[in-house]
Amino acid sequence: MAELNVDLVAADRKVWSGAAREVSAPSADGQIGILAGHTPLLAVLRPGTVKVSTAPGQVAVEAQVSGGFVSVDANVVTIVVDEITEVAGRESSLA
């Protein structure tokens, strides 16, 4: 199965980077789910939870964000956030 290449960055650091199966993010128009093969997308984020899953039931990182944007193109997901107030990860490579 195809994977997503995900970069989650805050204004002051790279928070998480790696391969993932699914990304969930709070866009201004509602919660969005991103899987491999997603159409290109650029969306503004509202405050809420960003979740990156590497396999069903395995959350690599879960973070509360204050806003930012998400970009998707050719299975590359870039999430740039204003602030991260909480980060939890099970198998993460958090900076």
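Use the structure listed above.
Everything in this summary refers to the structure shown in the same document.

About the criteria used
- Residues numbered from 1 in each chain as written.
- Predicted model: local features only at pLDDT ≥ 70, side-chain atom pairs only at ≥ 80, totals over all residues.
- Heavy atoms only, no water.
- Helix = DSSP H or I, 4+ residues; strand = E, 2+ residues; numbered from the N terminus.
- Rg over C-alpha atoms; globule rule 2.2 N^0.38 Å.
- Buried < 20%, exposed > 50% of the residue type's maximum accessible area, 1.4 Å probe, protein only.
- Pairing = 2+ DSSP bridges.

**Looking at the overall build of the protein**
Moving on, step 1. Tallying secondary structure elements over the protein gives zero helices and ten strands in all.
Moving on, step 2. Reading the helices (α) and strands (β) of the protein from amino to carboxyl end gives β-β-β-β-β-β-β-β-β-β.
Moving on, step 3. Here the C-alpha radius of gyration of the protein, 12 Å, is about what a compact globule of 95 residues would show, namely 12 Å.
Moving on, step 4. Buried positions account for 36% of the 95 residues belonging to the protein.

**Points about the pairing of strand β6 (residues 48–55)**
Moving on, step 1. Sheet analysis places strand β3 (residues 22–27) next to β6, joined by three bridges and oriented antiparallel. Residue pairing for β6: E22 is matched across the bridge by S53.
Moving on, step 2. By the bridge criterion, seven bridges tie β6 to strand β7 (residues 58–65) in an arrangement that is antiparallel. Residue S53 lies in a different strand from β7, and its bridge partner there is V59.
Moving on, step 3. What sits between the antiparallel neighbours β6 and β7 is a turn of two residues, in which G57 has the positive phi angle 80°.

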